[in-house]
Each structure stands twice: as C-alpha cells, then as structure tokens.
Amino acid sequence: MNCQNNRKKIGIMGGTFDPIHMGHLILGEQSYEQFQLDKVLFMPSGNPPHKRDRAGRASDNQRVDMVRLAIEDNPHFELSLAEMHETGYTYTYRTLEELKEYNPDTDYYFIIGADSLFAFDEWMEPERICRACTLVVAVRDHASYAELNQEIQRLSARYNGNFALLDTMNIDVSSHQIRQWISEKKSLKYYVPDKVISYMKENGIYRKKEV
C-alpha cells in the first residue's frame, strides 16, 4: 500500500457520468499513478444543483450500472455511492467532510477538469473544500498550462488551498458529446468502454424515441 506515516491516499473522480467515458477512466488512472494513490473512487452524483434538468438522460441506477461496468476490471478503481441518496444531491464540501470524519487516516485527492477550476469561485464553500482535500486539476477545454497555473496560484492564495496539476494529455471528449453522437447514431468505439456501449444499446439510453 502506498502510505506515508500510515496514511492512505484516495482519489475521487466525481461527476454525473451521463455516461462515463474513456476520458474519465484515463484521468483516474493517471491520477492513481502520478500521486501514488491507494485507489480512486468513482462517485456518481445524485442530482446536482447545476444539472437539475435531466430530461432524456440516464436514470440514477443506470448511471451507477455504467460506472460499475466501466471500472470492474481495474483493481484500484472502486464505485462509491456516497452521493447517491434520497435527497437527490449533496454538495462537494459536505461529502469530503463526511469522508474525512469517517476516515481520519486518509488524505483525499479530488479530481476536477479545467472547466471546474475556472468556476471554482462559484462552488459552495470553496474554503471548506480546500481544507478537506488536494484538488487535482486535469487539462481540458484547451486551456493553456500558463492559464491553469495562473488560476491555481490565485485560488491557492485566496482559499489557502492545495492544487496540483495532473500531467496528462488534453482529453477532448465529454459526456454531452457522447450523447450527441448516440442521437446521431455515430460510433462510440474507443471513446466508451465496450461493456458500457452494450449496456446503453440494450437499455435504449439516450436514443431518441421514434415518432
């Protein structure tokens, strides 16, 4: 186990995963290697405040099933249902604080994209998020390293946070793009795990109903 002073290092890949795709998996694997994590939790969110209109999307159970299928062959990936509960959603700072309360011997690494970094001021209780974890920032949306580093320095100073840049390629794929391709009947091969593609086909997820 990768530990320092007997402390565990756990990554968290959160999101709606609507659907999960190779970009999520690559970021999880890169984070695991770069930060020598013990494991990475894939944590589907319930119904987040900024994504309440979910018409035509996968159900909570379907999103969970797709994550489970996508990660089941990776021994250091684990499904977490910490944010799947009756209230429909929870804020990131609450989830992290609860995890730390139950696991005081663990340091958490919360993986976000560049788009989330530039919107971090708008998150609920950013100071408390920073106290609860290290934020791992993945390159995305064609933001330059200079822009990312400048924003990381600003946020670190403002919230006394610990931000770390993930050394990985710019993975230019999104769940929105995948859903669009499905509606256009385009191939998802190599963008989405085969098991997830089969699951979506079997359950007719994201396909427009014939009139």
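Everything here concerns the structure above.
Just so it is clear, the model here is predicted, and its values are computed rather than measured.

Engineer: So what's going on with the sheet that holds strand S1 (residues 8-15)? Residues and values would help.
Structural biologist: Within a sheet, neighbouring strands are paired by backbone hydrogen bonds and run either parallel or antiparallel to one another. Ordered in space as S3-S2-S1-S4-S5-S6, the 6 strands form an open sheet in which the pairing is parallel. Strand pairing shows two members of the sheet lacking a second neighbour, strand S3 (77-79) and strand S6 (163-165), which therefore form its edges. In this sheet, adjacent strand axes meet at a mean angle of 30° when their direction is disregarded. Relative to the sheet, helix H1 (residues 22-34) contacts S1, strand S2 (39-44), S3, strand S4 (106-113), strand S5 (134-138) and S6, its axis offset from that of S2 by approximately 150°.

Engineer: Hey, could you go over the packing of helix H2 (residues 60-71) against helix H8 (residues 194-203) for me, with residue numbers and the actual values?
Structural biologist: To characterise two packed helices, one gives the angle between the axes of the helices and the distance between these axes. The interhelical angle for the contact between H2 and H8, taken along N-to-C directions, is 150°, at an axis separation of 8 Å. The angle between the axes of H2 and H8 places the two elements in the roughly antiparallel class. Between H2 and H8 the crossing geometry is right-handed. Seen from H2, the contacting residues are Asn 61, Gln 62, Asp 65, Met 66, Leu 69 and Ala 70; seen from H8, they are Lys 195, Val 196, Tyr 199, Met 200 and Asn 203.

Engineer: Could you give an account of the packing of aromatic side chains, with specific residues and numbers?
Structural biologist: The tally for this structure, following the rule as stated, stands at 9 aromatic pairs. Aromatic pair Tyr 91 and Tyr 93: ring centres 6.3 Å apart, planes at 20°, arrangement stacked. Judged by relative accessible area, which is 22%, Tyr 91 ranks as partly exposed. Centroid distance Phe 120 to Phe 163: 5.6 Å. Interplanar angle 90°. Geometry classified as edge-to-face. On the criterion of sequence distance, the pair formed by Phe 120 in the loop between helix H4 (114-118) and helix H5 (126-132) and Phe 163 in strand S6 is long-range, its members being 43 residues apart.

Engineer: Can you explain the nonpolar core? Please cite residues and give values.
Structural biologist: Of all hydrophobic cores here, the largest spans 34 residues; its most connected members are Ile 20, Phe 42, Met 66, Leu 188 and Met 200. Elements with a contribution of two residues or more to this core: H1, S2, H2, S4, S5, helix H7 (175-183) and H8. Among all residues touching Met 200, those that are not within four sequence positions of it are Pro 19, Met 66, Ile 182, Leu 188, Val 192, Ile 205 and Tyr 206. Leu 99, Ile 112, Phe 120 and Cys 133 belong to the second-largest nonpolar core, a separate cluster that totals 26 residues.

Rules and cut-offs
- Residues numbered from 1 in each chain as written.
- Predicted model: local features only at pLDDT ≥ 70, side-chain atom pairs only at ≥ 80, totals over all residues.
- Heavy atoms only, no water.
- Pairing = 2+ DSSP bridges.
- Helix = DSSP H or I, 4+ residues; strand = E, 2+ residues; numbered from the N terminus.
- Axes fitted to C-alpha atoms, helices over the stretch in contact; angles between N-to-C directions.
- Contact = heavy atoms within 4.5 Å.
- Parallel < 35°, antiparallel > 145°, perpendicular 65-115°, else oblique.
- Left-handed = near helix turned anticlockwise from the far one by under 90°.
- Phe/Tyr/Trp six-rings, centres within 6.5 Å; stacked < 30°, edge-to-face > 60°.
- Buried < 20%, exposed > 50% of the residue type's maximum accessible area, 1.4 Å probe, protein only.
- Core = buried A, V, L, I, M, F, W, Y, C linked by side-chain atoms within 4.5 Å.

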